[in-house]
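Per-entry structural report
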Amino acid sequence: MRILFKLMLSVGMLFSIVALASEPLVITRQGTVDTPENTLLSIKKAVDSGANAIWLTLQLSKDNEIVLYRPADLQTLTNLKGPVAAYTVAQLQQADAGYWYGKPDYPLRGKNLYVPTLAEVLKRWPNTFFFLEINSPGTPPQLFSVLLEDVLEKSHSYNRVRVYANNALFLDALPDTIARFETEQATQTVLSDIIINHRCDVPSFAIEKWYILKYQRYIQNAPGVSPLAWGQEAMRCFRNNKLAKVILTGGDTETLYQIAQTLHADSVLVDFPLPATR
């Protein structure tokens with residue numbers, strides 16, 4: 001199935017994505033399964049496969065350049081060792097980002113896959129929407145915010161990104177010109193109240209707010225553990241505000257997509273888009 005979609009600019013240059021016929025949009029993390037993640041190759045493959053948007057993970061280099069990389073140690077995916085922050089962009093672009101991919105044969109070693117910068121990705125794909133996850137240990141949130149704003153300004157990309165971070169301090173540091181997700185804690189608090197207390201308390205707001213949470217998560221609730229899931233009750237509550245957008249993640253791609261269709265979720269976040277978009 002091919003997903004048709006249109007892109008609309010909302011107030012303040014914040015980006016809104018609307019799927020036709022209420023089909024969930026497919027957001028892919030690109031890589032992890034089919035190609036080395038956060039590389040130019042994986043982004044190209046995701047775009048070619050029909051992903052509606054692409055999820056990237058960002059860190060800061062030693063010389064304060066925003067680059068694409070997820071794990072804490074470069075040794076996890078490349079031939080370098082240590083944190084991203086210990087290397088300059090020039091050094092990271094000499095790294096082999098395909099070094100550990102595809103064992104036991106490692107077919108992508110020496111294929112010029114490196115750690116790219118956010119700036120070059122935005123330049124190479126000027127019409128692609130990106131969700132940007134900040135995962136940069138040890139970086140001051142305000143510094144990251146200033147640098148990200150500079151990249152988006154120079155590439156004219158404010159209208160095609162939305163930012164996520166597990167650490168709410170990074171989201172709080174962003175200027176109003178940069179669209180961001182609601183914090184995971186805020187999302188989980190609202191969802192818990194809906195499912196456990198059957199109380200709908202999603203606040204009203206004048207601009208789009210995006211929520212992301214695993215389809216099923218377990219939280220500690222005395223005297224035991226209660227299932228926390230996006231059910232019809234929860235989705236109806238969020239849908240009381242037409243500007244609330246919900247992304248589902250967690251679980252295998254086809255099952256998650258079917259759940260998103262049933263619940264009328266706006267998007268699904270998956271590792272590889274083909275099963276959901278065929």
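For the structure given in this document, a descriptive report is provided here. Treat the numbers as computed from the prediction; the structure is a model and nothing was measured.

**Considerations on the overall build of the protein chain**
Across its full length, the protein chain holds 9 helices and 12 strands. The buried share of the protein chain, taken over its 278 residues, is 51%. Considering only contacts in the protein chain between residues 6 or more positions apart, those separated by 24 or more positions represent 60%. In the structure as shown, the protein chain presents an accessible area of about 13200 Å², 53% of it carried by carbon and sulfur atoms.

**Structural notes on the nonpolar core**
Counting 30 residues, the largest nonpolar core has Leu56, Ile66, Leu118, Phe130, Leu132 and Leu148 as the members making the most contacts within it. Among the elements of the structure, helix H1 (40–48), strand S4 (53–60), strand S5 (66–68), helix H3 (118–124), strand S6 (130–134), helix H4 (141–154), strand S7 (161–164) and helix H5 (168–172) are those that each provide at least two residues to this core. Tallying contributions element by element places H4 first for this core, with 5 residues. With 25 residues, the next largest nonpolar core counts Val26, Leu191, Phe205 and Leu256 among its residues.

**Examining the state of the cysteines**
Summed over all chains, the structure comprises 1 disulfide. The disulfide partner of Cys200 is Cys237, and the S-S distance across this bridge is 2.0 Å. The sign of the S-S torsion, about 90°, decides the handedness of the disulfide formed by Cys200 and Cys237: right-handed. Highlighted residues: Cys200 in the loop between helix H6 (184–197) and strand S8 (209–214) and Cys237 in helix H7 (residues 232–239), separated in sequence by 37 residues.

**Describing the packing of aromatic side chains**
On inspection of all chains with the given rule, the structure shows 12 aromatic pairs. Aromatic side chains Trp100 and Tyr106 sit 5.9 Å apart centroid to centroid with 80° between the ring planes, which places their arrangement in the edge-to-face category. Overall, Trp100 belongs to the partly exposed group, its relative accessible area being 38%. Geometrically, the ring pair formed by Phe131 and Phe181 is tilted, given 5.5 Å between the ring centres and 45° between the ring planes. Placement of the pair is Phe131 in strand S6 and Phe181 in the loop between H5 and H6, with a sequence separation of 50 residues. On the basis of relative accessible area, Phe131 is assigned to the buried category, the value being 1%. Under the relative-accessibility criterion, Phe181 is labelled buried at 2%. Taken together, Trp55, Phe129, Phe131, Tyr164, Phe181 and Trp210 form an aromatic cluster joined through their ring pairs.

**Concerning the pairing of S4**
On a regular strand, each side chain points to the face opposite its neighbour's, so the side chains alternate between the two faces of the sheet. For S4, the buried fraction is high: 8 of the 8 residues fall into the buried class. Burial along S4 is two-sided: Ala53, Trp55, Thr57 and Gln59 facing one way and Ile54, Leu56, Leu58 and Leu60 facing the other are all buried. Examined bridge by bridge, strand S3 (residues 25–28) and S4 share 2 bridges and lie parallel to one another. By the bridge assignment, Ile27 is partnered in S4 with Ala53. In this structure, S4 lies alongside S5, joined through 3 bridges in antiparallel fashion. Bridge assignment links Leu60 to a residue of S5, and that residue is Ile66. Linking S4 to S5, which pair antiparallel, is a turn of 5 residues; within it Asn64 sits at a positive phi near 60°.

What counts and what doesn't
- Residues numbered from 1 in each chain as written.
- Predicted model: local features only at pLDDT ≥ 70, side-chain atom pairs only at ≥ 80, totals over all residues.
- Heavy atoms only, no water.
- Helix = DSSP H or I, 4+ residues; strand = E, 2+ residues; numbered from the N terminus.
- Buried < 20%, exposed > 50% of the residue type's maximum accessible area, 1.4 Å probe, protein only.
- Contact = heavy atoms within 4.5 Å.
- Areas by Shrake-Rupley, 256 points an atom, 1.4 Å probe, with all protein chains shown as cover.
- Core = buried A, V, L, I, M, F, W, Y, C linked by side-chain atoms within 4.5 Å.
- Disulfide = S-S within 2.5 Å.
- Phe/Tyr/Trp six-rings, centres within 6.5 Å; stacked < 30°, edge-to-face > 60°.
- Pairing = 2+ DSSP bridges.

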